[in-house]
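Residue strings, one per chain:
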Amino acid sequence: MNLDFFPSRQIAFYMVKLFFTRSFAVLAMLVAILLTLDLLGESGDVLAYAGNGDAELWHYAALRAPQIAATFLPFSVLLGTLIMLATLNQNSEIVSMKAAGLSAHQILAPLIVAAFGMSILSFVFNERVVVRATASLSAWQAVEYGPIPRDSGVKSNPWVLDGNNLVNVAIVAGRGTEVQLRKIEIYNRVNNSLTTIIQAPRGHYDAASRSWVLENARQFDVARGTMRDVGTVRFGRDIRPDQFTLAKVDPNALTFDELHAAISDLHDAGRPTAELEGNLWHKISGPLSALLMPILGSVAAFGLARSGQLFLRAVTGMALGFAYFVADNFSLAMGSLGAYPPILAAWAPFFLFLLVGETVLFRTEE
């Protein structure tokens, strides 16, 4: 048996070509179908804002498509691998490769290298495209698909406690003393009973008085059911600017470096960070899951097609792949609850199913 993992350059390029074409074809199909269904469900909300039209619908689709592509890329790699390997098996090409002296790992080696390249591509795509699209879409949805401030530090929908009162802000832009607020609502409470609600379209931090200033504010009296203009309102002398910028950290809207910096800021402020640390590690382990798919789907490649077991083997490979995604989400949930350490929550499913896939491959083919 040839111990070289790439004994034939022609076979390696042939396998890689099939792998990429099948995987990206499945991904394009999934994105087209799921984006259409999502757009049908969300188009009413987008068009509900006065002045929105076809351009806003296309803008929504442009922001949503990268999220769908990033989410379903590992699924596409799994399904593309199964389609490719089942077809090669049915056409007896796998039998020919094994008859030429190639082992199961030598047959899969080009696919694993290609899947590793797909993982790198997925990580770069997430860092460069998906996080920006997610941040923009979250900010746009927070203002009900209306105009949003053009700022690179946009946060959406944080809640902050001001004594006994609750403060909600639709959009937070900027950092430090330059923080700008949009669509603010202050729920004033006495003995935990709501008394008044103050609403304002914008606000900012006044460093001189160390307080927050609301402009064009209006106050709703809960007991009387009346609304009146109150003009400029100051509040929150005990609220620091970082309480708004760190009140809601969305890991899906931050790059790896930005999330790492946010975790450091939260840690310095004495805030819990275990859930975010798990998401930080998952920014690496998530894209790397594409590396597992050729191994988990390899059961469809081997065994005689005429034995009638090809469909069963393909279903088994699909079941192993989907079991990984279930285990991955479960592990992240356990990490969020504090049951698993962050690094274990992010990496345990990957290494567990790597061992499972290798065990199945060795016991059945090697």
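Residues numbered from 1 in each chain as written. Predicted model: local features only at pLDDT ≥ 70, side-chain atom pairs only at ≥ 80, totals over all residues. Heavy atoms only, no water.

### Structural notes on the confidence of the model for the chain
Part 1 of the reasoning: Residues at a pLDDT of 70 or more form 92% of the chain, whose mean pLDDT is 86.
Part 2 of the reasoning: When pLDDT is averaged over each helix and strand of the chain, the minimum, 69, is found for strand β1 (residues 155-156) and the maximum, 94, for helix α1 (residues 9-48). (pLDDT = per-residue confidence, 0-100. Helix = DSSP H or I, 4+ residues; strand = E, 2+ residues; numbered from the N terminus.)

### Overview of the nonpolar core
Part 1 of the reasoning: Judged by nonpolar contacts, the single largest core of 46 residues is most densely connected at Phe 19, Met 84, Met 293 and Tyr 324.
Part 2 of the reasoning: Listed by contribution, the elements that provide at least two residues to this core are α1, α2 (54-90), α3 (93-99), α4 (104-142), α8 (293-296), α9 (310-337) and α10 (342-365).
Part 3 of the reasoning: Among the nonpolar cores identified, the runner-up in size contains 18 residues, and Val 169, Ile 184, Ile 198 and Val 233 belong to it. (Core = buried A, V, L, I, M, F, W, Y, C linked by side-chain atoms within 4.5 Å. Buried < 20%, exposed > 50% of the residue type's maximum accessible area, 1.4 Å probe, protein only.)

### Comments concerning the packing of aromatic side chains
Part 1 of the reasoning: Counted under the stated rule, the structure contains 14 aromatic pairs.
Part 2 of the reasoning: Note on Tyr 60 and Tyr 145: the rings are 6.2 Å apart at their centroids and 75° apart in plane angle, and the pair reads as edge-to-face. Of this pair, Tyr 60 sits in helix α2 while Tyr 145 is found in the loop between α4 and β1, placing the two residues 85 residues apart along the sequence.
Part 3 of the reasoning: Judged by its relative accessible area of 1%, Tyr 60 is buried.
Part 4 of the reasoning: Owing to a relative accessible area of 4%, Tyr 145 belongs among the buried residues under this scheme.
Part 5 of the reasoning: Seen in terms of ring centroids, Trp 347 and Phe 350 are 5.8 Å apart; in terms of plane orientation they differ by 85°. Their pairing is edge-to-face. With Trp 347 and Phe 350 both in helix α10, this residue pair falls three residues apart, about one helical turn. Here Trp 347 matches Phe 350 in class, with each residue buried.
Part 6 of the reasoning: Here a set of aromatic residues connected by ring pairs shows up, and it is made of Phe 72, Phe 75, Phe 322, Tyr 324, Phe 325 and Phe 353. (Phe/Tyr/Trp six-rings, centres within 6.5 Å; stacked < 30°, edge-to-face > 60°.)

### Regarding the pairing of strand β5 (residues 193-206)
Two faces belong to every sheet, and in a regular strand the side chains alternate between them.
Part 1 of the reasoning: In terms of strand pairing, strand β4 (residues 180-190) meets β5 through 10 bridges, oriented antiparallel. Each residue of the ladder has a partner; that of Asn 188, found in β5, is Thr 196.
Part 2 of the reasoning: Relative to strand β6 (residues 211-221), β5 is paired through nine bridges, and the arrangement is antiparallel. Bridging across to β6, Ile 198 finds its partner in Gln 219.
Part 3 of the reasoning: In textbook terms, the turn of a hairpin is the stretch between consecutive antiparallel strands, and for β5 and β6 this stretch comprises four residues, one of which, Arg 210, has a positive phi near 55°. (Pairing = 2+ DSSP bridges.)

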